[in-house]
Amino acid sequence: MKSSFPVVRKSRGFVSYLLVLSVAALLTLLMLSAYRRAISSQEISGTVQLRNDYFEKEDTVLRAILAITPNRAIRAMQNDSNASSETRDPLSWAAIFQDALNAGNARTSISPDVVSALSITTHRRANTGDATLGDVAGVFGASAGEPGSVSSGLTRSLGAQYPAPLVSSVSSTCDRDAIYPIISNDKLHGAISQSGVMLPVATYPQFNLIPYPQINFGYATPGDPFVAKRNWWSFTMDLAAHDAGLTEIGHRKREFVLSIYEIPSQLAISAASFLSLGEFSTGEAWDPANVSIEGGVFASKADVVSGTNLPAIASRRGLTIGSNASIGGTEFTSNPFTPGIRENHQITEGTFFPVSLTSESGRVAFIPINRNEVFFDRYDTRTADDSNTVSNTTWNDYSIGARQTAMRLDVTKGTSPEEMPTELRFSYKRDGISVTDTIPLTGGPTNVLPPGYTYVCAENQSHNFGTALVDVAYGGTGRARVSTNPDVYQDDVTNYAFLQNVTGTITYDNATFGDPLVGVVKSGYYRPAYPWQIKALPSGQLCIAFYPERLPDYLNAINADDVSVNHSISINVDYTPTGSIELTRPVPDVNDPNYNLDTHYGVILQECADLSPFTKGFSLVTNLRLYIGDNFNITEGTPPAGYVPEPGEPYFPACSIFSPEKRYGVEIDPGSVTLTGQVGSLAEENAATALSPLDSKTLSGDLIDSAHVRANLKPIRHPADLPPVMMMNWLVVIEELRPEFAN
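Residues numbered from 1 in each chain as written. Predicted model: local features only at pLDDT ≥ 70, side-chain atom pairs only at ≥ 80, totals over all residues. Heavy atoms only, no water.

A. Region of the structure containing the overall build of the protein chain. In terms of helices and strands, the protein chain carries ten helices and 37 strands. Here the protein chain holds 743 residues, and the buried ones make up 49% of them. Within the protein chain, counting contacts between residues at least 6 apart in sequence, those at least 24 apart form 68% of the total. In the form shown here, the protein chain has an accessible surface area of approximately 35000 Å², with 51% of it arising from carbon and sulfur atoms. (Helix = DSSP H or I, 4+ residues; strand = E, 2+ residues; numbered from the N terminus. Buried < 20%, exposed > 50% of the residue type's maximum accessible area, 1.4 Å probe, protein only. Contact = heavy atoms within 4.5 Å. Areas by Shrake-Rupley, 256 points an atom, 1.4 Å probe, with all protein chains shown as cover.)

The structure is reproduced here in C-alpha cells:
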C-alpha cells in the first residue's frame, strides 16, 4: 500500500536588523545605566563611609585634646616651664594638637595593634583617608582666618557667636594665651565681658555668675547661673583637607570652642574624695529632721547608702546607690546609667537628670584641684616657690590654700622635746606689701618695744582700760646698771617688761612688772591684745590660741591694712632647715593609717562668733589640729552693695576653715554641733574607706552623738559668698560652633 502526504507550504520569515540592533542597543544602555548607578552608589557609599571615618577620627582627636589640655595648662604654671624651648614648646597648642593626633590614632583607619590582634599576615588598606598628617597646621587653625593654632578669647571679641572674652592687663598673658593654654589670676572679667555674665564686672571681676553649659554632667543644671570664670580658645579642624586631592571629597571644616571653667567649690557637699553619703561612720543614718541638704552634691567617688535622699549628685570616678535611696525624688531600682533611663526621665519628668558622671557627658572633663595634705602646709617640699613659669600664676600659689592667705603666722622656735612654741613670725599686709614681725613668747624683758605700742603714762601712774583686752609694756631708755656690780652703768640702755591680755586698772610700777631698767625712770605703754597666745588644753597639751575678733584693733595699732585686705591667715610650723631644728613636721600624711596629732600642739580658735567686720570674708588654713572653742561666724553682717541675700536669709561674711582635723570644744566637750553652709574634704579619692562628711569629733577625740549633729547645707549662689581661700575645680568642655546655629 502506498501512502502520500500533502506538502504544506509555509510563509517565508524575515529578520528586521533595525529592530534587533535597537533592542540590543537599548539593553546595552540599560546595562550601562545600571552599572553606572551601581558605580555611583558605590562611590557615594564610599564617600559617606569616608566622611564618617573622618568624623570618628575627629571625635577621637577631640577627646584626646580634652584630656591633654588641662595637663599642659597645669605644667605651664609649674617651675621652669618657661626656662627653655625644651620645657616650653611641648606646652603649646601646636604640640597639644600634634599629641592629640598621635593619641587618637588619626592617621590610620585601623591601628597596627588591631591588625596584629586579628592575626592578618597580609592586608591591603583601601581607605584613601589614611594619611601621614605631617602638616599639623593644615589640620588645625585659628578661627576667623587668624594666624596660629587657636584664637584666644582674651581682651578682644570675636563676634556674637563666641563666648564673652576675658581681659588681662599683663602683656605676657595676652601674648602667650594664643600660644599656650594659660590659666592665670590676672585673667579677669572686664567691660567687654559684661554681656556674658550676670553681675557687674567692676564688682566681681574674678568670679561672676555665668550660665552653666548644656552638658549632662550635673555640677549644676544646664542654663542655670553658677559661680565661675570661663577661659576659652577657638580653633578649626579638618582632617580631610590634608588629602583632598586624593580623596576628592568635600568635607566641611569644623570649628570648636574649648573652655576651661574655673569653678570654686560651691555645692552643699563638694569633695575630690571617696564619700559615704547618708550615714555617719558609726552606722547611724542622717536624720532628715537634723540634716538638710539643698542643691547638688559632688564627690569623686560616692557610696549613697540605702534610704538616703539627695537633691542631686555628680561624680567623676563612679558611685553606688543603695536600695530605697532617692536622688532628686526618684528611686533608682536599676543602674541609672542604663541607656534610655536619662532620656525617659527628662521626657516624663521634664527636669534635668539628677545623677551624672563625667563619662556620660561627651566631650567633658571635671578636674578637682586637690593637693591633699599639701593644701594646708606652706613648708612642704612640694610647695617650693615656682619660677620661670609660662603662666604668671604659679601652680603652688594657685592650688595650695596656705599660700593664698594675706597673713601668715609661723612657729619659728620651740623647746624640745615638747616643742612648745617660743617664737612666732607674723607676716601681714601694709599698703599692700608684706611686712614681717618677730614675736618672742618667752615672756621675759626685751630691749625692743614691739610694733603697735603707744605711750600711756609715767612710772608709778595708773590707767583704767575698762573691759578692753590689752597688752601692756613698762620700760624705757637711759643710763642703767647692766651688771650685778652696783657701780657698773651704761648709757642708752633700753629694756621693757610686758603683761598680756589684761583689763581694768594697771599701775605701771616695779611692783607690777618688776624693774626692767634699774636706776632709770620708766614709762607705761599699751596696745590692743595680741590676737594669739599660748594656751593649754585640759589635758595639758599646749596650743596656739587664735582670736579673730581681736584682729581689727591689733592691725590698726600696727598700722597694717584693715581686715578687708588682711582677711585670711595660715598658721604653720616652719620645720625647714632654715627654720628651727627643734621643730618637726606636724602632718606626715593625712592618709597614713598611723596619722596622729596627739603628740603635737594644735591651734585653738576662739573669740570668733562676730566676724562682721570682715567685709571680704575670713579664712583660716593650718597644718595643725584645730580645736573650735566658740561659736563661729554667727553674727549677721552687712551685705555688700548690690548683693541681696536669699529671701528670709540673714547675711554672714563668707568664711572658710581648712585643717587636717577639726575638733569641737576647748574647755569641755560640747553636747552638740550645728553646721551651716558647705562641707568638703581634701582626702584621697582612692582611699580604701569612704569618709562620712558629717562626722564631728569632741575635744577628747570621740565622735559626737549623731543625734546631736545638725547640718543645714546649701550651695553658694553668689560670688559675694566666696571666702578668701577656697578649693578649686576645672570643668573642661569642647563645643562645636555650627554655622547653621550662628546668630
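Text resumes after the structure shown.
B. Fine view of helix H3 (residues 93-103). Those residues of H3 lying buried are Trp93, Ala95, Ile96, Phe97, Ala100 and Leu101. Positive phi appears at Asn105, one or two residues downstream of H3, with a value of about 50 degrees.

C. Highlighting the pattern of salt bridges. Using the criterion set out here, one finds 30 salt bridges in the structure. We note a salt bridge from Asp59 to Arg63, for which the minimum N-O separation is 3.4 Å. With Asp59 and Arg63 both in helix H1 (residues 17-75) and four residues apart, the pair spans about one turn of that helix. Measuring nitrogen to oxygen at the nearest pair gives 3.2 Å for the salt bridge that ties Glu667 to Lys535. Highlighted residues: Glu667 in the loop between strand E32 (662-664) and strand E33 (673-677) and Lys535 in strand E25 (residues 532-536), separated in sequence by 132 residues. (Salt bridge = Lys/Arg side-chain N within 4 Å of Asp/Glu carboxyl O.)

D. Expanded view of the nonpolar core. Core analysis: the largest hydrophobic core is formed by 67 residues, its most contacted members being Leu277 and Phe426. If we skip the residues at most four places from it in the chain, Phe426 touches Met407, Arg408, Leu409, Val435, Thr436, Asp437, Ile439, Trp532, Tyr554, Leu555, Ile558 and Ile569. The next biggest cluster of nonpolar side chains, apart from the first, holds 49 residues, and it includes Leu62, Leu199, Val732 and Ile734. (Core = buried A, V, L, I, M, F, W, Y, C linked by side-chain atoms within 4.5 Å.)

E. Spatial organisation of the sheet that holds strand E21 (residues 470-481). Read from one edge to the other, the open sheet built from four strands follows the order E19-E24-E21-E22, with strand pairing classed as antiparallel. For this open sheet the edge positions go to strand E19 (454-458) and strand E22 (489-502), each flanked by a neighbour on one side alone. Taken pair by pair, the neighbouring strands of this sheet meet at an average axis angle of 25 degrees, ignoring direction. Of the strand pairs in this sheet, E19 and strand E24 (residues 523-528) are connected by four bridges, and their pairing is antiparallel. Within the sheet, the bridge partner assigned to Ala458 lies in E24 and is Ser523. (Pairing = 2+ DSSP bridges. Axes fitted to C-alpha atoms, helices over the stretch in contact; angles between N-to-C directions.)

F. Spotlight on the environment of Ser523. Checked against the element boundaries, Ser523 lands in strand E24. Given a relative accessible area of 19%, Ser523 falls into the buried group. It is 7.4 Å that separates the C-alpha atoms of Ser523 and Tyr455, two residues lying 68 residues apart in sequence.

G. Broad picture of the sheet that holds E33. Strands sit in the order E7-E36-E33 across an open sheet of three strands; the sheet is parallel. Looking at strand neighbours, the two that pair on one side only are strand E7 (291-293) and E33, the edges of this open sheet. Shown here is a sheet whose adjacent strand axes are inclined to one another by a mean of 10 degrees, direction ignored. As defined by bridge partners, E33 adjoins strand E36 (residues 709-713) across five bridges and the pair is classed as parallel. Its bridge partner lying in E36, Leu675 is registered against Ala711.

H. Region of interest: the side chain of Thr389. Structurally, Thr389 is set in the loop between strand E15 (364-369) and helix H8 (395-399). From its side chain, Thr389 meets the backbone oxygen of Ser391 in a polar contact 2.6 Å long. Look past the residues within four positions of Thr389 in its chain and what remains in contact with it is Ala76, Met77, Gln78, Asn79, Ser81, Asn82, Arg176 and Thr394. (Polar contact = N/O pair within 3.5 Å; in protein donor to acceptor, adjacent residues only side chain to side chain.)

I. Molecular detail of the packing of aromatic side chains. Inspection of the entire model under this criterion finds 35 aromatic pairs. Measuring from ring centre to ring centre gives 4.2 Å for Phe97 and Phe140, while their planes differ by 10 degrees; the resulting arrangement is stacked. Taken together, the positions of Phe97 in helix H3 and Phe140 in strand E1 (residues 140-142) put the pair 43 residues apart, joining distant regions of the chain. With a relative accessible area of 5%, Phe140 lands in the buried category. For the ring pair Tyr212 and Phe226, a centre distance of 5.0 Å and an interplane angle of 80 degrees mean the geometry is edge-to-face. Here Tyr212 is found in the loop between strand E3 (208-211) and strand E4 (225-237), whereas its partner Phe226 is found in strand E4, with 14 residues between them in sequence. In this structure, Tyr212 and Phe226 share a single accessibility class: buried. The aromatic ring of Phe207 is capped on one face by Lys229, whose charged end is 5.9 Å from the ring centroid. Note that Arg550 overlies the ring of Tyr547, its terminal NZ or CZ placed 3.9 Å from the centroid. (Phe/Tyr/Trp six-rings, centres within 6.5 Å; stacked < 30°, edge-to-face > 60°. Lys NZ or Arg CZ within 6 Å of the ring centre and 35° of its normal.)

Scope: geometric values only; no functional claims are made or implied.
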